[in-house]
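Residues per chain, in single letters:
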Amino acid sequence: MADALDFVEIDNFGLATVLARKGNGAAEIGNALGAEVAVGPRFIPGSTTLLGCGPGHWLAFTERSEPGWHQAVAGMLKGLASVSDQSSGYVVHRLSGPAARQVLQRGAPVDLDPSVFGPGMVATTVIAHITVTIWQVDDAPTYFIAFFRSYARSLRHWVELTAAAL
Amino acid sequence: MTRLAKGGLIDRTKPLSFSFDGKRLSGFEGDTLASALVANDVRLVGRSFKYHRPRGILTAGSEEPNALVTLGVGAHAEPNTRATTATLYEGLEARSQNRWPSLSFDMMAVNQLASPLFVAGFYYKTFMWPAKFWEAVYEPLIRRAAGLGELSTLPDPDHYDREHGFCDLLVIGGGPAGLAAALTAGRSGLRVILADENPRFGGRLLSERHEINGDAAHIWAAGAAAELACLPNVRLLSRTAVFGVYDGCEYGAVERVSDHVGKPASGQPRQRLWKIAAKRAILATGSIERPIVFGGNDRPGVMMASAVSSYINRYAAAPGRRAVVFTATDSGWSTAADLVAAGVDVAAIVDPRGGRGEFQTALLSAGVEILNGAVVTDVRGREVRNIDVRLADGGTRRIQADLLAVAGGWNPAIGLAANLGHRPRWSDEIQSFVVDQAPKGLRAAGAADGHFSLTMALADGLTQAAVAIEELGFKRASSPPLNANDDPCSVSALWHVDQSSTKAFVDFQHDVTDKDIGLAAREGFVSIEHLKRYTTLGMATDQGKTSQLNGHVLLAAATGKSIAETGTILSRAPYQPVAVGVFAGPHRERWYRPERHTAGHDFAVALGASFMDSGEWKRAQWFARPGEAHWLDTVNREVMATRRGVGVCDVSTLGKIDVQGSDAGTLLDRLYINMFSTLAVGKARYGVMLREDGFVMDDGTTTRFAEDHFFVTTTTANAGKVMQHIDFARNVLWPELDVQAISVTEHWSTYAVAGPLSRALLQKVFPNVDLSNGALPFMGATEFQWLDDAARIYRISFSGELAYEVSVPSRLGDRLMRTLFTEGREFDVVPYGIEALSVMRVEKGHAAGNELNGETTASDLGMGRMMSKKKDFIGRVMAERPGLVDPNRPALVGLKPVERSQVMRAGGHLLEKGAKPIAANDQGHVTSALHSPNLGHSIALALLARGPERHGERIVVHDPVRGDDVEAEVCSPVFFDPEGGRLRG
């Protein structure tokens, strides 16, 4: 199991919900942030990445957050989007290794086949009755998976069981 | 031993020992339990359900009705396992079922003598009267006597998991048609999943003697499976039974991961549930051979002809020494040829039709007597010994034999195609039902579509795959043709032998006879669905795979209708029995549902917390200290220590929602009965929201942090519901508003710090925040930085004390909790749980979950005056319905027992003194009751008719379930500090 799956919690990330205000969209928000913002359940990697979660709805994510990061994002998007810090609301894990896709597929009822879901794609779905947001960052494949902090024990328990059955 | 000297797809270098009813036996790798029993000459394997008749093995597949055994022992025991599908493994232990004291001598077989009692509908007819005997006598009696295997009643020691499959084409069944379809689709680049319930692919190619492209058919099948395994776009699932078709082109399947190894390897599940989403699916499930209904057709030694061929060709096990073949179809003649080739003596072929030239010559030369135009009338012997035949000329013949192979024709295995309500169509050509309309994306192919000859089945597999390939926009790869020897497959169905004199069975597993069908028809149960329920035909674990059609044909005959008019039942999922554990997967016992833990959970554990469930959340109920004998002692201490000093309670589970945007205030005005657009920045306000029907939905405080930013809190229980409600309002009701909302419940850890010393404690922890009454008055809020992150303090009190709620990001939640207790030592700070929280809120008369029960209005809860007249809001109109504004409605009051030592309980009903305890006199009920350590007696909140006008009146709390009546004084719901001086302190 240890070789087949790497499931590592990451610290010090920044995560914030970005909800577009009336009349604004990916273009306006991208301009204000100086970043490219994809439309749909996708993302374009950057120092702050906007993960598409729904119409006018993103999770802004940075792997390394400085104090005040979320206020800075909120400041740049003032009047364009409502920003809520979620850096503590979620735990984020990096999932990689030869069995990463298989383990996720055993949990998530969305198609993770490389022909359908690849780097740059986001899915908000359910694993073991827990809402998760998954995004794939490379072809290895490496995924990030974010879920509400309070569910961490239950989700890790599922990962352990599933990895043991590989 | 009746193992043949050579042949079969078994590995003779790998012997396996196993036991049946304690007797040590041996088989080979590649055997099923059934084939190993056949090879060991075990013919009697079980007793039937109702009459306890001896039963043998009827089939070689998953349709088996008779050979049900209990596999494994202790907690691993699995009853009603079909011996025909159980892969043999070293050390397998199997036991027969439904017999006492032993399989060969079963006391319950006397049921046969009482068989007039057990006719169709016997439950309804026999056990009717007197009514109370049903539970006390009849049902226990029936349960003891009937039923097959028994559950171990121990917890299931095995694991189950699940997986999700996605494909362009799901091929259900890996026989000739399925393999041909999967090969074509796989080579053309489609994502293919091929699922077959067997351990190896090939279907009937493994059991019959055919050639494809010059190879033995089983060699071709192995080659095809090997090629498919090499295609990256193809997923092979052996030992995987597709059990159901669901909406949206989804299929349920169970993969038997470890059933064939006895004990799963460490961490391995026993079985895995698959949910497969398939754009197209091919139903290549083949067909099931049907029995013929004649006297003694259930005796051990009567076997389906196809099963006889399977045991000989696939497992090299001869099911008898001297055989008779009774066949209405050409395939029976192939079985006769298989028997001859295997060296088994074939006494006769009995075929009610005319002669079959292509086989006749060879069989005649082997000394087989051919009885055309004849029928088997009865089988004699507990196990087959003699077979009575009525000849074409009307004469009779008794033939000595120990095996009777029966071939009544073939029924396409199309149950799955009916799962979504599509009714099958009768085909005169093949004398069976075939798929007519099918679920979206699903097509039958091969024998499942009535193409019984091998050549046609292969061709149909290719054709159906080609249709899917084209529909999905792929280009079909060229494939070499598949040349097979052709096998004749004509049939003239024979359903029933009228001349039989002994019991003739239709449904073997439920012991339904031909006479039961006739009786049901005479008693008026002439619809197929009524017949099924009245006779229980097809309702056993095999779901009538071998019996259903014969029963329906007999009903048609009894009612003088055609089979097409009579119709057939719709098969429902699961098509094969599925262990319930596989649906639960890992979600059982502690992990039945996910658990949610607050950031302070571990520290609460360290403080000695006991937890209770609040939805998925674990919340600290109380923190017992050594020497406290009863939880009430603990709770009383926590309440008193908080009211006298300072206590801390984790309230992080309350729902929290950021509502932002230029119209945020407008939206909140429409959601709540009171105004929020007027709330000043830096202030909090209590609010109540109604459902559209006018009843209270939820309450909580909302704080304004900016002109366009409100922070809404909800109760723990309604956090999700209120979030949905807000999203519905802003997206559907008023999409024109510029307002955004998102749950931030998980981002914030929040602790209530309550008691006269709360300010002193917080001031010590946050020395740079001004907590004075002037800077932070009651219902004020402030934001500041703590450990480089945002923190907030709200001056809110649920306890009625000087109190604050302090919030930090959850990453810092544990840190803050520990800091509060370290810094609080000098104030003797205590942790308090939700029990103490409840005591304090009832002392203060705050409504909570017990009062916000979905049946109360704002007025009922004493908050009618909060309903703004200056604006519209959700629920306003419906809240004005006459029934909701009736002054006689029960409304919130407090109750104190007149005799202070008496205890009131929640749920008790309120009566006027002296009133009879009947529903007509009911005046309301107690919603919350508990002991107030501050007052030293029981207190309660209740909903009492015209309650607010009745303070001072005495009423009776009537609790017929748990105790005596208690006389109580009606009072204000606010028991403690009614002026509110403490919380403003």
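As the structure is a prediction and not an experimental result, all values here were calculated from the model.

Quick look at the overall build of chain A
So, step 1. Across its full length, chain A carries four helices and nine strands.
So, step 2. When the helices and strands of chain A are read in sequence order from the N terminus, they spell out β-β-α-β-β-α-β-β-α-β-β-β-α.
So, step 3. The C-alpha radius of gyration computed for chain A amounts to 16 Å, which stays within 12% of the reference 15 Å derived for 166 residues, consistent with globular compactness.
So, step 4. The burial tally for chain A puts 46% of its 166 residues in the buried class.
So, step 5. The contacts in chain A between residues at least 6 apart in sequence include a share of 61% that link residues at least 24 apart.

Let's talk about the pairing of strand β19 (residues 345-351) of chain B
All names here are of chain B.
So, step 1. Among the seven residues of β19, five are classified as buried, and the element is accordingly described as predominantly covered.
So, step 2. The pairing of strand β18 (residues 322-327) with β19 spans five bridges and is parallel. If you follow Phe 326 over to β19, its bridge partner there is Val 350.
So, step 3. For the crossover from β18 across helix α7 (residues 330-341) to β19, the handedness is right-handed.
So, step 4. With four bridges connecting them, β19 and strand β20 (residues 369-372) associate as parallel partners. Following the sheet pairing, Ala 348 is matched in β20 by Glu 369.

Some details on the environment of Phe 144 of chain A
Residue and element names in this part refer to chain A.
So, step 1. Tracing the backbone through its elements, the reader meets Phe 144 in strand β9 (residues 142-148).
So, step 2. The exposure class assigned to Phe 144 is buried, which follows from the 21 C-beta atoms found within 10 Å.
So, step 3. As a C-alpha pair, Phe 144 and Ile 10 span 134 residues in sequence and 9.5 Å in three-dimensional space.
So, step 4. Filtering out sequence-adjacent residues up to four positions away, Phe 144 remains in contact with Val 92, Arg 94, Trp 135 and Val 137.

Focus on the sheet that holds strand β37 (residues 709-714) of chain B
Residue and element names in this part refer to chain B.
So, step 1. Sheet architecture is open: five strands sit in the order β35-β36-β37-β34-β38, paired in antiparallel fashion. If you trace the sheet from one side to the other, it starts and ends with β35 (684-690) and β38 (740-743), each paired once. Adjacent strand axes in the sheet meet at a mean angle of 25°, parallel and antiparallel pairs treated alike.
So, step 2. Sheet analysis places strand β36 (residues 696-706) next to β37, joined by four bridges and oriented antiparallel.

Considerations on the packing of helix α3 (residues 100-107) of chain A against helix α4 (residues 152-164) of chain A
Residue and element names in this part refer to chain A.
So, step 1. Running from amino to carboxyl end, α3 crosses α4 at an angle of 120°, the nearest separation of the two axes being 10 Å. On the basis of their axis angle, the class for α3 and α4 is oblique. Between α3 and α4 lies a crossing whose hand is right-handed. Residues Val 103, Arg 106 and Gly 107 of α3 form the contact with α4, whose participating residues are Trp 158, Val 159, Thr 162 and Ala 163.

Overview of unusual backbone geometry
So, step 1. In this structure, Pro 141 of chain A follows Ala 140 of chain A across a cis peptide bond, with omega equal to 0°.
So, step 2. Here Pro 141 of chain A shows up in the loop between β8 (130-138) and β9.
So, step 3. That bond from Ala 573 of chain B to Pro 574 of chain B is cis: its omega, 0°, falls within 30 degrees of zero.
So, step 4. As for its position among the elements, Pro 574 of chain B is in the loop between α13 (563-566) and α14 (580-584).
So, step 5. With a phi close to 50°, Arg 239 of chain B is a non-glycine residue in the positive phi region.
So, step 6. With respect to the helices, strands and loops of the structure, Arg 239 of chain B is situated in the loop between β12 (234-237) and β13 (240-246).
So, step 7. Of note in this structure, Asp 977 of chain B is not a glycine but carries a positive phi near 45°.
So, step 8. Relative to the assigned elements, Asp 977 of chain B resides in the segment after β49 (966-971).
So, step 9. According to the C-beta neighbour criterion, Asp 977 of chain B is partly exposed, with 15 such atoms within 10 Å.

Here's the deal with the packing of helix α10 (residues 514-522) of chain B against helix α12 (residues 548-559) of chain B
Residue and element names in this part refer to chain B.
So, step 1. For the pair α10 and α12, interaxial distance at closest approach is 9 Å and the crossing angle is 45°. In this view, α10 runs oblique relative to α12, as classed from their interaxial angle. The two elements α10 and α12 cross, and the hand of that crossing is right-handed. Between α10, through Asp 514, Ile 517, Gly 518 and Ala 521, and α12, the contact on the second element is made entirely by Gly 551, Leu 554, Leu 555, Ala 558 and Thr 559.
So, step 2. Here the contact of α10 with α12 is composed, by residue class, of five nonpolar, three polar and one charged.

Brief notes about the interface of chain A and chain B
So, step 1. Across the contact, 34 residues belong to chain A and 34 residues belong to chain B.
So, step 2. When residues of the side of chain A that touches chain B are traced back to their parent elements, those giving at least two are β2 (14-20), β5 (81-85), α3 and α4 of chain A.
So, step 3. If one sorts the elements of the side of chain A that touches chain B by residue count, α4 of chain A sits on top with seven residues.
So, step 4. Each residue belonging to the side of chain A that touches chain B can be placed in one class, and the counts come to 13 nonpolar, 13 polar and eight charged.

A look at the nonpolar core
So, step 1. Residues Leu 169, Leu 170, Ala 181, Ile 282, Leu 283, Val 350 and Leu 404 of chain B are the most contacted members of the largest nonpolar core, which totals 175 residues.
So, step 2. In terms of residue count, the dominant contributor to this core is helix α9 (residues 454-471) of chain B (nine residues).
So, step 3. For Val 350 of chain B, the contacting residues outside a window of four places in its chain are Val 324, Val 325, Phe 326, Leu 371, Ala 374, Val 375, Val 376 and Val 389 of chain B.
So, step 4. Residues Phe 144 of chain A together with Trp 748, Met 863 and Leu 930 of chain B belong to the second largest nonpolar core, which totals 154 residues.

A closer look at the domain arrangement of chain A
Residues and elements named next belong to chain A.
So, step 1. Parsing chain A into structural domains produces domain 1 (11-85) and domain 2 (89-164).
So, step 2. On a C-alpha basis, the centroid separation for the pair domain 1 and domain 2 is 21 Å.
So, step 3. With ten residues of domain 1 at the contact, the number on the domain 2 side is ten residues.
So, step 4. Counting residues per element, the side of domain 1 that touches domain 2 draws most heavily on strand β3 (residues 49-54), which supplies three residues.
So, step 5. Class assignment of the residues belonging to the side of domain 1 that touches domain 2 gives a composition of eight nonpolar, one polar and one charged.

Some words on helix α5 (residues 217-230) of chain B
So, step 1. The end-to-end C-alpha distance of α5 of chain B, which contains 14 residues, comes to 20 Å, matching closely the 20 Å that a straight helix rising 1.5 Å per residue would cover.
So, step 2. Buried-residue contacts for α5 of chain B involve α4 (176-187), β9 (192-195), β10 (211-212), β11 (215-216) and β12 of chain B.

A closer look at the sheet that holds β2 of chain A
All names here are of chain A.
So, step 1. If you walk across this open sheet you meet the four strands as β3-β4-β2-β5, and the pairing is antiparallel. A strand with exactly one partner marks an edge of an open sheet, and here the two such strands are β3 and β5. Here the average twist between neighbouring strands, direction ignored, is 25°.
So, step 2. Note that β2 and β5 share five bridges and pair antiparallel. Bridge assignment links Ala 20 to a residue of β5, and that residue is Ala 81.

What counts, and at which threshold
- Residues numbered from 1 in each chain as written.
- Chains lettered and ligands numbered in written order.
- Predicted model: local features only at pLDDT ≥ 70, side-chain atom pairs only at ≥ 80, totals over all residues.
- Helix = DSSP H or I, 4+ residues; strand = E, 2+ residues; numbered from the N terminus.
- Rg over C-alpha atoms; globule rule 2.2 N^0.38 Å.
- Buried ≥ 20, exposed ≤ 12 C-beta atoms within 10 Å, placed from the backbone.
- Contact = placed C-beta atoms within 7 Å.
- Pairing = 2+ DSSP bridges.
- Right-handed = clockwise from strand over helix to strand, strands pointing away.
- Axes fitted to C-alpha atoms, helices over the stretch in contact; angles between N-to-C directions.
- Parallel < 35°, antiparallel > 145°, perpendicular 65-115°, else oblique.
- Left-handed = near helix turned anticlockwise from the far one by under 90°.
- Nonpolar A, V, L, I, M, F, W, Y, C, P; charged D, E, K, R; others polar.
- Core = buried A, V, L, I, M, F, W, Y, C linked by C-beta atoms within 7 Å.
- Domains from an automatic or database assignment.
- Expected span 1.5 Å × (residues − 1).

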